[in-house]
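# Survey of secondary and tertiary structure
Single-letter residue listing:
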Amino acid sequence: MDPNQLEQMSGARFTYRAFPNCQDNLDKFQVPLSMLVTPQRRLEDLPLLVSHPLKCGHCSALINPYCQISATNFTWGCCFCGKINKLTEEYRMKLGGQAACYELDKSRFVVEYEPPEKHKAEGDDFVFLVDLCQSEVNLTALKKALIDCVNGIPIGSSFNRIAVIGYARNLFFYIQDPNSQLSRCIMVNTSGTTEETAKTLGAIYDKDRILNVTQNHASFFFTDKEALVRVINSLEPEPWLTSPNSRPMRATGKALEKTLSFLDITGVTNGSRIVLFTSGPCTMGKGATSELDIAVFTRKHDDIEGGKAKELFEQAKDFYNGLAAKAVHVRTTIDIFGFSLDEFGLTEMNALASKTGGIVTMNEEFKQDHFAESLARYFRIDEAGKLSMGSGALIEVHLSKELRVQGCIGPCRSLENKSTLQATIEVGECRTNSWFLGGTDLESTLLFFFALAEQTQAKGYATGTNCYIQFVLTYKPNGGVVRKRVLSFERPILNSNSPAHILPHVDQLAIVATYAKLVAYKFAEHDEMVVIRFLDKVLINLLKLFRTSASGIPAELNEVPQYLYYLRKSNSSKKFTTSMDEMTFYRYSVIRESLDNVLVIIQPQITEYSLNSEEPTPVLPDIDCLKKDVILLADTFFHVITWEGSTIKSWIDQGYHNKPDYEHLAKLIEAPKQEIAVFTQDRVLCPSKVKAFFGSPTERLLKSRLNPENKTIIGANESIDAGNFISEDATLSSFVSKIIQVLAQP
């Protein structure tokens, strides 16, 4: 099956359509045996079965289309372990044709189960953790965006319940009085113990055990929109004055720690979400990432590498890693909205989101339109009137005897259940066959790595052998009951050690996405140049192995050099001009996003709008696309840049587009604006919209991502003609030429 078709039908994509027959051959072919899975991808015609799935009594895998069904003995044989299991009475009707049997339909890869028992739909619990150490203008914009979103989503005990906590040097819990429409605030000292916090909140706490909660759950979590809006409106900036020589006293680390304790105290420990809105670095208590003294600069790349700020950095990182482990334990997701002019410490607290399935969005200030748009995208409503997100998710993998799992890279945390399916070589989150995902959305993607059980060609599997992979996602959709989504796949094995035989079965786009995610993961532990050299070595070895002539690049891999060239230039690979928090944000986005989005992050997608063409035209991201008489719409995933050539800009400045005789110019200017909403509508993260023109400061966001290769005739590209573009980067053609030169060497 075509990889694109498989992805559309299942949300999964393999690097191999047919697997090598032993581990030695797999190592030789230089392509990891990996699989990209977007478990909650929106699928057309996905059957929802109101029943409990049949489970194998030996390996716990679920019934699927590749099991051996015996209608006479009324049994099914597990394709993973071979055990014979009894069918239930329900399957008499299904096998007799009296009811549809979607779970045994080989044309389907995915089915979803919902329990038949009539459970009451449970709402989701959100905690808004709001930084109060910010200007009144910024906080007002934050409150307005929160209120707009609250008014647009269903609020209630069976839908969404929201608690509001403000923090600065202390925490402020807002509580609804059940006997009136009034609310009150409880202040909690961030330096207090868990026992003291429990006592302040009205609970009796003894040796890490909650004995009694006098303030009930409903008091903290608002189910009435009007009351919630009043509380949000009542948020005010920190009243304590900050010295001109100091940063605000902001206890973000302790605020998160107390919020997790609060969820434990109120009994909300499965599927809740903490949404952190922070406007600056933590400066006091555990988790501090900056000094109070403003003269001491926030850490930079050189400070960490040179050891200048390494101790504070490591202490904060260890603290947030511990909080992430606690969040996983109580099944809580942490989302981060960091809108700060300074580094707010995302590098240290990255585990909070990456281990719990949270999302991260960052920019400069809450008063920017980008924040309101990002928050609206986060609280997006689907066709059923519910939020497009899942919570408390777990995923488990089952494999046939031919395969072993090496690990997973993505927004997840290993549950370390020491499975017998674990391979010797470990990658990412490993030592398990089950992972905690926490929050899931339509784009969150996992990258699984597999190994073959047989090591050598002599003992390798014969052609005709099939191996099986099954994923079981357990999650709770917004405002619903817990469901299981089951993804089952069959893959043939090819008994050959010849690269020419395996080449037609590799998927080059899946290879690119795999290495992009692997490189983003490696950057956390290795120096930038070490990882780039690893990438170069992989590319050379891959093309040398599969070359079709002395210096030729095979058609099946012809896009790989181009994508890896742009990967080297991408924001996730180069720390020059990129802060530590920005770098962490870019790399985490690569790790968590789907294949299509990763390809956009690697290589910008640029569309040209011109009066000489009736339709928009896709163009390559080369410097010669910057022409005088065109408008470019460049999508880098993080930014959507509308660039205007000097001729177009001069026409706009003179107001020609407002004149009746120049209606065609007005349509040209409006066309990119309409297109932006179309190609970004399915993304969970909202890109920042940037306007640029020839010579503007924002033009650098586009030009830094372009191939500095001028192919046009003199006079066509104003950037080159005006000396407005200087780059020391290698061009794409010289990069490919060097590769071909290396391939030609014996």
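Refer to the preceding data block for the structure.
Note that the structure is a prediction, hence the values are computed from the model and not measured.

Another point: the pattern of salt bridges. Across all of its chains, the model carries 39 salt bridges by this definition. The partner of Lys-94 in a salt bridge is Glu-90, and the shortest N-O contact between them spans 3.2 Å. On the criterion of helical spacing, the pair formed by Lys-94 and Glu-90 is a turn pair, its members being four residues apart in helix H3 (residues 90–95). Among the residues examined, Lys-94 registers a relative accessible area of 11% and is labelled buried. A salt bridge links Arg-299 to Glu-343; the shortest N-O distance between them is 3.0 Å. Taken together, the residues Arg-299 in the loop between strand E15 (272–278) and helix H9 (301–306) and Glu-343 in the loop between strand E16 (332–339) and helix H11 (346–354) connect sequence positions 44 residues apart.

Along the chain, Ser-290 falls in the loop between E15 and H9. Non-local contacts of Ser-290, meaning those with residues more than four positions away in its chain, are made with Arg-247, Pro-281, Cys-282, Thr-283, Thr-298 and Leu-312.

With that settled, the discussion passes to helix H7 (residues 225–233). All buried positions along H7 are accounted for by Ala-227, Leu-228, Val-229, Val-231 and Ile-232. Tucked inside the fold, the buried residues of H7 contact helix H4 (136–152), strand E10 (160–167), strand E11 (170–176) and strand E12 (183–189).

Let us look at helix H12 (residues 369–378). Of all the positions in H12, only His-370, Phe-371, Ser-374, Leu-375, Arg-377 and Tyr-378 are classed as buried. An end-on view of H12 places all buried positions within 160° of arc, on one side of the element. Those residues of H12 that are buried lie in contact with strand E9 (124–131), H4, E15, E16, strand E17 (360–363) and strand E30 (688–693).

So, about the nonpolar core. Judged by nonpolar contacts, the single largest core of 193 residues is most densely connected at Phe-128, Phe-262, Phe-277, Phe-450, Ile-469 and Phe-471. Considering each element in turn, this core owes the most residues, nine residues, to helix H14 (residues 508–522). Residues Ile-606, Ile-623, Leu-626 and Val-690 belong to the second largest nonpolar core, which totals 13 residues.

Looking now at the sheet that holds strand E1 (residues 12–14). The mixed open sheet is built from five strands, whose spatial order is E1-E3-E23-E19-E21. Every interior strand has two partners, whereas the edge strands, E1 and strand E21 (422–428), have only one. For this sheet, the mean inter-axis angle between neighbouring strands, taken without regard to orientation, is 20°.

This brings us to the pairing of strand E23 (residues 446–452). A regular strand places its side chains on the two faces of the sheet in alternate fashion. When you tally the buried positions in E23, you get seven out of seven residues, the bulk of the element. Residues Leu-446, Phe-448, Phe-450 and Leu-452 point to one face of E23 and Leu-447, Phe-449 and Ala-451 to the other, with burial holding for every one of them. In the sheet, strand E3 (residues 33–37) pairs with E23 via five bridges, with the strands oriented antiparallel. Bridge pairing links Leu-33 to Phe-450 in E23. Where strand E19 (residues 403–409) meets E23, six bridges bridge the pair, whose relative direction is antiparallel. Paired with Gly-407 across the two strands is Phe-449, which belongs to E23.

Procedures and definitions
Residues numbered from 1 in each chain as written. Predicted model: local features only at pLDDT ≥ 70, side-chain atom pairs only at ≥ 80, totals over all residues. Heavy atoms only, no water. Salt bridge = Lys/Arg side-chain N within 4 Å of Asp/Glu carboxyl O. Helix = DSSP H or I, 4+ residues; strand = E, 2+ residues; numbered from the N terminus. Buried < 20%, exposed > 50% of the residue type's maximum accessible area, 1.4 Å probe, protein only. Contact = heavy atoms within 4.5 Å. Arc of directions from axis to C-beta. Core = buried A, V, L, I, M, F, W, Y, C linked by side-chain atoms within 4.5 Å. Pairing = 2+ DSSP bridges. Axes fitted to C-alpha atoms, helices over the stretch in contact; angles between N-to-C directions.

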